[in-house]
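# A look at the structure
Listed below, chain by chain, are the residues.
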Amino acid sequence: MPALPRLILATRNAHKTAEIRAMIGNRFEVLDVTAFPECPEIAETGITFLENARLKAEGISRVLEGWVLSDDSGLEVDALSGAPGVWSSSFGGEEGNHARNNARLQEEMTGKTERGARFRCSMVLARGGREVMHFSGTVEGRIIEGPRGLNGFGYDPLFIPDGHEATFAELDENVKNTLSHRARALAQVIDFLERGA
Ligand code: ITT
């Protein structure tokens, strides 16, 4: 059987890798940058998801061969004027500390009646240091008052997607992977790659 083509994810977030790997199935061999110690840390200096996704994909594809895919994502909350947005991973004061991020979100939402929010995801496919194509996905929903559920990661315990009564952390991971912002962006990536980009 021929070897699967390789897709390298420009991420160090193991949860993103696990979700993307599950959604890609056996179409590609999916690795992330934790498998390549020579990869630089990419500073996320952009002010949009797309800018940061581009920085990560182009930066990693300068040092690794083949297709590189990045994911920059986050939560936009209407009552907080779109915060935490591109700063989602450090909202609680410490990069990647999901418990603190959720505690701050809960605190800021106390007493708010407007509960609308969405997750956004920008993905960039790059090769040889250059963007080849970008993609995006969004899922609308609402923020609940207290966390529920153990699946997923990040803000999942506080977010109920439209059309459901369970949070992303209560829904089966396969369900999240059919309707999430990441799933919607990735479906376009897969389509693009399968058309023989
Ligand atoms: P990389 O930059 O290495 O990919 P990161 O976690 O720092 O990893 P981002 O800068 O894109 O990635 O920040 C994403 C943050 O947005 C993440 O830490 C969560 O707080 C939130 N987030 C994104 N997707 C999410 C999801 O599916 N469920 C819950 N929270 C999510």
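To start, this report covers the structure provided alongside it. (Residues numbered from 1 in each chain as written. Predicted model: local features only at pLDDT ≥ 70, side-chain atom pairs only at ≥ 80, totals over all residues. Heavy atoms only, no water.)

## Some points on the pairing of strand 4 (residues 116–127)
- Across the 12 residues that make up strand 4, a large majority, nine, are buried.
- Across 10 bridges, strand 3 (residues 67–77) lies against strand 4 in antiparallel orientation. Bridge pairing in strand 4 links S70 to V124.
- As defined by bridge partners, strand 4 adjoins strand 5 (residues 130–143) across 12 bridges and the pair is classed as antiparallel. Looking at strand 5, one finds that F119 is bridged to V139.
- A loop of two residues connects strand 4 with strand 5, the two strands running antiparallel in sequence, and G128 in this loop sits at a positive phi of about 60 degrees. (Buried < 20%, exposed > 50% of the residue type's maximum accessible area, 1.4 Å probe, protein only. Helix = DSSP H or I, 4+ residues; strand = E, 2+ residues; numbered from the N terminus. Pairing = 2+ DSSP bridges.)

## Some remarks on the side chain of H181
- With respect to the helices and strands, H181 occurs in helix 5 (residues 181–194).
- Overall, H181 belongs to the buried group, its relative accessible area being 2%.
- The contacts of H181, once residues within four sequence positions are left out, are S73, F119, R120, C121, G137, T138 and V139. (Contact = heavy atoms within 4.5 Å.)

## Focus: the site of the ligand
- The immediate surroundings of the ligand are formed by 22 residues, with T11, K16, K56, D156 and K176 found nearest.
- Backbone polar atom of Y155 to a nitrogen atom of the ligand: 3.2 Å apart, as the coordinates give it.
- R182 places a polar side-chain atom, nitrogen or oxygen, 3.0 Å from an oxygen atom of the ligand.
- Computed on the free molecule, the ligand has an accessible area of 620 Å², of which 93% lies beneath the protein chains in the complex.
- Of all the elements in the fold, those that place two or more residues in the shell around the ligand are strand 3 and helix 5.
- Per-element tally for the shell around the ligand: the top contributor is strand 3, with four residues.
- Its residues assigned to classes, the shell around the ligand comprises three nonpolar, nine polar and 10 charged. (Near = heavy atom within 4 Å. Polar contact = N/O pair within 3.5 Å; in protein donor to acceptor, adjacent residues only side chain to side chain. Areas by Shrake-Rupley, 256 points an atom, 1.4 Å probe, with all protein chains shown as cover. Nonpolar A, V, L, I, M, F, W, Y, C, P; charged D, E, K, R; others polar.)

## Observations regarding the environment of I24
- For I24, the location among the structural elements is in helix 1 (residues 14–24).
- Put simply, I24 and A183 are 159 residues apart on the chain and 9.8 Å apart in space, counted from C-alpha to C-alpha.
- Once residues lying within four places of it in the same chain are set aside, the contact partners of I24 are L7, V30, L186 and I190.

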